[in-house]
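One letter stands for each residue in the lines below.
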Amino acid sequence: MDDKMLARIQGDPNYQSLVKERTSFGWTMSIITLVLYFGYITIVAFAPSLIAAKISGDITVGIILGAGLIVLSILLTGIYVVRANSRYDDLTRAIVASATGAVR
Amino acid sequence: MSRKFALAGPLLALAGPAYAAGPIEAGARQATNWTAIIIFAGFVLLTLGITYWAAQRTRTAKDFYAAGGGVSGLQNGLAIAGDYMSAASFLGITALVYAGGYYGLIYSIGFLVGWPIIMFLMAEPLRNLGRFTFADVASYRLAATPMRAMAATGTLVTVAFYLIAQMVGAGQLIELLFGLPYLYAVVVVGVLMIIYVTFGGMIATTWVQLIKACLLLGGSTLISILVLAQFGFDFNALIAKAVELHSKHDAILGPGPAVANPINAFSLGIALMFGTAGLPHILMRFFTVKDAKEARKSVFWATTFIGYFYILTFIIGFGAIVLVLPNGIYHDGGDVTKGLLGGANMPAIHLAHAVGGDLMKGFIAAVAFATILAVVSGLTLSGASAVSHDLYASVIRRGNVDEGTEVRVSRVTTLVLGVVAIILGVVFEKINVAFMVGLAFAVAASANFPVLLLSMLWKGLTTRGAVIGGWVGLISAVGLTIVSPAIWELVLGHPKGTAWFPYVSPALFTMPLSFLCCYVFSVTDKSARGAREQAAYEAQYVRSQTGIGIDAAAAH
């Protein structure tokens, strides 16, 4: 990639939107994951009796939280893929088309 | 014993399958299990056939290292799941739940939560910047020689510790399950792995992972359904029965004593979560797909399969308490107060027998062996790539080497690594290797992950910062593990309480230390090279975001 092409891509409004949106979305999702997981670890470390507390029958808070974290992890990655497949891929296609088209 | 378990416990599920309660006595070998051997022989024949087919298609370096870049997102997701769900997950977590209840499930959760982070921050730039190894990415704009030397060392250390745990685990497991001598088992694993990797490269390795992942997911699903069927598909009834039967009763629903210390809980949590994002054999799989979109799909499928599997460990673990614990036929001398036949890692295998008889047990035993074989193959390919692609081609030959030679070096390295793995498996037979996968995760989180993440996302990183941060993370993680109770007391035999570093995992300290060194030695780097590297970030960033310039994009 030469400097001219680099400057052109960086000046492309689509590129600026892509970077801004994906960076903020990626970090937001990461922080959600980190807060959920380390929140869970905090409960394990400081309130272990809460983990063993029974909710219904012998199903405990710990089992619900654990299974919930696993299901949430899958859901969060799924949400990211759905958004990336539409919005980010569209933007990327437009950026690549304008960058390579202009070179030809 | 309970003290020992509290110390060793947190590393067990990470570790080879064979050590939930110390080494297994040699006398525990079981009668030759023909069902298991026939099913496993079927797996071997099928995978050797695939290797033959893959060998015809392995011509270029890209074929060898990255399966030609033609793996789909779904296939790669399943293969990643195959690489990631080791026998330690299946046998180790079941054994931990069997012994301590909920404690084991903390691992199930910790092993999964690294995946969303890989998705949100790493998968796409990783694919857009790398070709064959994660060192490609880390050295993209930094000085190739010191970066690759550091990254290759991080890779080889991670792979070596992981490999030893798997080889020793394989030997012990096969001795127990198949009734074969330890040495045979280690040699069989070593030889098959060499054949898969040298002839079939990444294509064969990928297919071995795919088949193994399907077998493991299918087998676990079947066991879970059969367990739940005994309770009218009422999970609550299963838990209630487990609490009633287990000697610890209600205590099995709590996290247990091993993570009662908050520093242990957090350090373990960090090692599990971020270690995943620094495992070289997992990172390498991202280069087998054609673009960032497929890389992202890979993570989604991997997360789904792995998450599904770990949910099943809840059912399988408590199922083992209910169906194996009170049944005399699974215990030494038919006495339920005595240890399990074959050792403490056998609950999953006995559970298979309890719900499906000899056939099911043979099937699950074969799946466990296939699992180890597949993981070992992935590890070896990753180690061989670090030697040929990073050390030989870039560090020794400074890039003046043709692809054919590089792949030949990789094949020879595979052979050497296979022989070394067999030797290590024999040498470590009697040694408690429980700490080794824990060490691999700690090194991955403390050396590979910080450098890789910062090289992609932080403009300010320079070679000086990355090299110092990477080495400091690597050396401190290995060093603190050596002076932790798992090695200092249990392996080296120093008296209890003399370990300098009293925690289960160093990651809570060594990962931030590595980040800090990367930062400090980059911002104080006033060299011209450092300035050039920071300036080169812009072009790297554009490529990491758009994929412009990667092989697939260059084709049109």
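Please read all numbers here as calculations on a predicted model, not as lab measurements.

**Describing the overall build of chain B**
Within chain B, the regular secondary structure consists of 23 helices and zero strands. The C-alpha radius of gyration of chain B comes to 23 Å, within 12% of the 24 Å expected for a compact globule of 556 residues. If one aligns the C-alpha atoms of chain B with their principal axes, the spans along those axes are about 70 × 50 × 45 Å. Across the 556 residues that make up chain B, the buried fraction comes to 67%. Taking contacts inside chain B between residues at least 6 apart in sequence as the whole, the part at least 24 apart equals 84%.

**Here we look at the overall build of chain A**
Counting its secondary structure elements, chain A contains four helices and two strands. The linear arrangement of helices and strands in chain A, starting from the amino end, is α-α-α-β-β-α. The C-alpha radius of gyration of chain A comes to 21 Å, more than 25% above the 13 Å expected for a compact globule of 104 residues. If one aligns the C-alpha atoms of chain A with their principal axes, the spans along those axes are about 70 × 25 × 20 Å. The long-range fraction of contacts in chain A, counting pairs at least 24 apart against all pairs at least 6 apart in sequence, stands at 65%.

**A word on unusual backbone geometry**
Residues and elements named next belong to chain B. Non-glycine residue alanine 67 carries a positive phi angle of around 50°. Summarising the element assignment, alanine 67 is placed in the loop between helix H3 (61–66) and helix H4 (73–84). A residue is classified by how many C-beta atoms lie within 10 Å of it, and alanine 67, with 27 of them, is buried. You will see that arginine 398, though not glycine, has its phi angle at about 50°, which is positive. Mapped onto the secondary structure, arginine 398 falls in the loop between helix H15 (347–396) and helix H16 (403–427). Residue classification places arginine 398 among the exposed positions, given that 10 C-beta atoms sit within 10 Å.

**Quick look at the packing of H15(B) against H16(B)**
For any two helices packed against each other, one specifies the inter-axial angle together with the distance between the axes. Residues and elements named next belong to chain B. Two numbers describe how H15 lies on H16: the axes approach to 8 Å, and their chain directions differ by 135°. Judged on the interaxial angle alone, H16 and H15 are oblique. Where H15 crosses over H16, the handedness of that crossing is right-handed. On the side of H15, the interface is formed by Thr380, Gly383, Ala384, Ser385, Val387, Ser388, His389, Tyr392 and Ala393, while H16 contributes Glu406, Val409, Ser410, Thr413, Thr414, Leu417 and Gly418. Classifying every residue of the contact of H15 with H16 gives six nonpolar, nine polar and one charged.

**Focus on the nonpolar core**
Residues and elements named next belong to chain B. Judged by nonpolar contacts, the single largest core of 241 residues is most densely connected at Val189 and Ala368. Of the residues forming this core, the biggest block, 28 residues, is contributed by H15. If we skip the residues at most four places from it in the chain, alanine 368 touches Ala87, Phe90, Leu91, Leu173 and Leu177.

**Some details on helix H11 (residues 235–245) of chain B**
All buried positions along H11(B) are accounted for by B:Leu238, B:Ile239, B:Ala242 and B:Val243. Axial view of H11(B): buried residues confined to an arc of 130°, hence all on one face. Turning to H11(B), the residues buried within the fold contact strand E2 (59–60) of chain A together with helix H10 (182–229) and helix H14 (292–323) of chain B.

**Points about the packing of helix H1 (residues 3–11) of chain A against helix H22 (residues 537–546) of chain B**
For the pair H1(A) and H22(B), the least separation of the axes is 10 Å and the interaxial angle reads 60°. When the axis of H1(A) is compared with that of H22(B), the two are oblique. Once H1(A) is placed against H22(B), the crossing between them reads as left-handed. Between H1(A) and H22(B), the residues in contact are A:Leu6, A:Ile9 and A:Gln10 and B:Glu538, B:Ala539, B:Val542 and B:Thr546, respectively. Partitioning the contact of H1(A) with H22(B) into residue classes produces four nonpolar, two polar and one charged.

**Quick notes on the interface of chain B and chain A**
Listed per partner, the contact involves 47 residues of chain B and 43 residues of chain A. Within the residue set of the side of chain B that touches chain A, elements represented by two or more residues are helix H6 (103–112), helix H7 (114–129), H11, helix H12 (262–276), H14 and H22 of chain B. No other element matches H14(B), which puts 11 residues into the side of chain B that touches chain A. Grouping the constituent residues of the side of chain B that touches chain A by class yields 31 nonpolar, 10 polar and six charged.

**A look at the environment of A:Val81**
Tracing the sequence through the fold places A:Val81 in helix H4 (residues 61–103). Residue contacts for A:Val81: discarding those within four places in its chain leaves B:Arg296, B:Lys297 and B:Phe300.

**As for the confidence of the model for chain B**
When pLDDT drops low, the exact placement of atoms in the prediction is not to be read closely. Residues and elements named next belong to chain B. The predicted model of chain B averages 88 in pLDDT, with 93% of residues at 70 or higher. Taken element by element, chain B is modelled with least confidence in helix H1 (residues 2–12), mean pLDDT 36, and with most confidence in helix H20 (residues 507–523), mean pLDDT 97. Every residue in residues 1–27 scores below 50 in pLDDT, and together they form 78 contacts with partners more than four places removed in sequence or on other chains. Taken together, the chains of this predicted complex give a pTM of 0.91 and an interface ipTM of 0.94.

**Some thoughts on the environment of B:Val483**
All names here are of chain B. Along the chain, the position of valine 483 falls in the loop between helix H18 (463–482) and helix H19 (485–488). C-alpha of valine 483 to C-alpha of proline 502: the two residues are 19 residues apart in sequence and 8.2 Å apart in space. Ignoring sequence-local partners within four residues, the contact set of valine 483 consists of Trp488, Ala499, Trp500 and Phe501.

**Remarks on the environment of A:Gly78**
Residues and elements named next belong to chain A. Topologically, glycine 78 is positioned in helix H4. Judged by C-beta crowding, with 14 C-beta atoms within 10 Å, glycine 78 ranks as partly exposed. Each C-alpha atom, one on glycine 78 and one on aspartate 89, is 15 Å from the other, the two residues being 11 residues apart in sequence.

Here is what the cut-offs are and how they apply
- Residues numbered from 1 in each chain as written.
- Chains lettered and ligands numbered in written order.
- Predicted model: local features only at pLDDT ≥ 70, side-chain atom pairs only at ≥ 80, totals over all residues.
- Helix = DSSP H or I, 4+ residues; strand = E, 2+ residues; numbered from the N terminus.
- Rg over C-alpha atoms; globule rule 2.2 N^0.38 Å.
- Buried ≥ 20, exposed ≤ 12 C-beta atoms within 10 Å, placed from the backbone.
- Contact = placed C-beta atoms within 7 Å.
- Axes fitted to C-alpha atoms, helices over the stretch in contact; angles between N-to-C directions.
- Parallel < 35°, antiparallel > 145°, perpendicular 65-115°, else oblique.
- Left-handed = near helix turned anticlockwise from the far one by under 90°.
- Nonpolar A, V, L, I, M, F, W, Y, C, P; charged D, E, K, R; others polar.
- Core = buried A, V, L, I, M, F, W, Y, C linked by C-beta atoms within 7 Å.
- Arc of directions from axis to C-beta.
- pLDDT = per-residue confidence, 0-100.

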